[in-house]
Amino acid sequence: MRSRRQAGLTALVLGVFATIWFSVPAAEEPLRTLLVVASGAALLTALGGAAVVLRTGRAAAALPRDHRADRRYGIIVAAEFAVAALGALLLSAAGRGEFVPVLICAVVGVHFVPLAPVLRDRLLVPLAVAMCLVALTGLVVALASSTSAGLVVGTGAGLVLWGYALLALLRVARAADR
């Protein structure tokens, strides 16, 4: 029951964040339309995750909670937000605000590594690597061309998170077939 709920929560949270990342880039048509469509599809994925959470809610709520894991999760997420906020402030103060999406994407990627054991989801490590590669790609492209880092990172991070959210829903579907 908990694994279905956890997969639903994963799809919900990452679907919402994919939607947000897809809204970061300022893009010209036809990419802008594709980003809007992808954002809507990611939001539908999040709603699918919410449906799974609601269906498993009562039964999963009756299971004992792991308060140590909850505490570790809170510390990791708080550290992620603190590092991202401080880094964004420093980049903005240095007149390099265009690189804030790169920093945030990298911080989000790194935070998945310590979350993997807490959430008992080893697939968060490849997700971490993928997010860090998106951040690095955004940085390199922005430095080597006139393409904005936000366009590369917003699109890439949205796709990576949406893909992982869909994978979480697939895990739920496979578990239901067993």
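Higher on the page you've got the structure.
Here's what I pulled together on the structure shown here. (Residues numbered from 1 in each chain as written. Predicted model: local features only at pLDDT ≥ 70, side-chain atom pairs only at ≥ 80, totals over all residues. Heavy atoms only, no water.)

1. Structural notes on the overall build of the chain
Phase 1: A count of helical and extended segments in the chain gives six helices and zero strands.
Phase 2: For 178 residues, the compact-globule estimate of 2.2 N^0.38 gives 16 Å, and the chain sits close to it at 17 Å.
Phase 3: When its C-alpha atoms are laid out on the principal axes, the chain stretches across 50 × 35 × 20 Å.
Phase 4: Expressed as a percentage of the 178 residues in the chain, the buried residues total 38%. (Helix = DSSP H or I, 4+ residues; strand = E, 2+ residues; numbered from the N terminus. Rg over C-alpha atoms; globule rule 2.2 N^0.38 Å. Buried < 20%, exposed > 50% of the residue type's maximum accessible area, 1.4 Å probe, protein only.)

2. Focus: a nonpolar patch on the surface
Phase 1: Together, V13, V16, F17, I20, L43, L44 and L47 make up a nonpolar patch on the protein surface, roughly 610 Å² of accessible area in all.
Phase 2: Elements supplying a minimum of two residues to the nonpolar patch: helix 1 (2–22) and helix 2 (31–61).
Phase 3: It is helix 1 that provides the largest number of residues to the nonpolar patch, a total of four residues.
Phase 4: For I20, the location among the structural elements is in helix 1.
Phase 5: For I20, a relative accessible area of 44% gives the class partly exposed. (Patch = residues over 30% accessible without salt bridge, like charges linked within 9 Å, V, L, I, M, F, W, Y side chains within 5 Å. Areas by Shrake-Rupley, 256 points an atom, 1.4 Å probe, with all protein chains shown as cover. Salt bridge = Lys/Arg side-chain N within 4 Å of Asp/Glu carboxyl O.)

3. Observations regarding the environment of W21
Phase 1: Along the polypeptide, W21 turns up in helix 1.
Phase 2: Measuring from C-alpha to C-alpha, the distance between W21 and L43 comes to 11 Å, with 22 residues separating the pair along the chain.
Phase 3: Apart from residues lying up to four places away in sequence, W21 is in contact with P101, I104, C105, V153, G154, A157, G158 and L161. (Contact = heavy atoms within 4.5 Å.)

4. Observations concerning the nonpolar core
Phase 1: In this structure, L14, C105, F112, L124, L127, M131 and L161 are the most contacted members of the largest nonpolar core, which totals 32 residues.
Phase 2: If you list the elements that add at least two residues to this core, you get helix 1, helix 2, helix 3 (67–93), helix 4 (100–119), helix 5 (124–144) and helix 6 (149–177).
Phase 3: Setting aside residues up to four positions removed in sequence, L161 forms contacts with L14, F17, A18, W21, F112, L127 and M131.
Phase 4: A7, V52, A168 and V172 belong to the second-largest nonpolar core, a separate cluster that totals five residues. (Core = buried A, V, L, I, M, F, W, Y, C linked by side-chain atoms within 4.5 Å.)

5. Some points on the packing of aromatic side chains
Phase 1: The final tally for this structure, using the stated rule, is one aromatic pair.
Phase 2: Relative to W162, the ring of F22 lies with its centre 6.2 Å away and its plane at 80°, an arrangement referred to as edge-to-face. Of this pair, F22 sits in helix 1 while W162 sits in helix 6, placing them 140 residues apart in sequence. (Phe/Tyr/Trp six-rings, centres within 6.5 Å; stacked < 30°, edge-to-face > 60°.)

6. Details of the environment of V108
Phase 1: With respect to the secondary-structure elements, V108 resides in helix 4.
Phase 2: In this structure V108 comes out as buried when scored by relative accessible area, which is 13%.
Phase 3: On a C-alpha basis, the gap between V108 and C132 in space is 8.1 Å, while along the polypeptide they are 24 residues apart.
Phase 4: Here V108 is in contact with E80 and M131, once residues within four sequence places are set aside.

7. Some words on the packing of helix 4 against helix 5
Phase 1: At a minimum axis separation of 8 Å, helix 4 and helix 5 run at an interaxial angle of 170°. Classified by the interaxial angle, the pair formed by helix 4 and helix 5 is roughly antiparallel. Of the residues in helix 5, those touching helix 4 at V102, C105, A106, V108, G109, V110, F112, V113, L115, A116 and L119 are L124, V125, L127, A128, M131, C132, V134, A135, G138 and L139.
Phase 2: Here the residues of the contact of helix 4 with helix 5 sort into 19 nonpolar, two polar and no charged. (Axes fitted to C-alpha atoms, helices over the stretch in contact; angles between N-to-C directions. Parallel < 35°, antiparallel > 145°, perpendicular 65-115°, else oblique. Nonpolar A, V, L, I, M, F, W, Y, C, P; charged D, E, K, R; others polar.)

In short, geometric facts, not functional conclusions.
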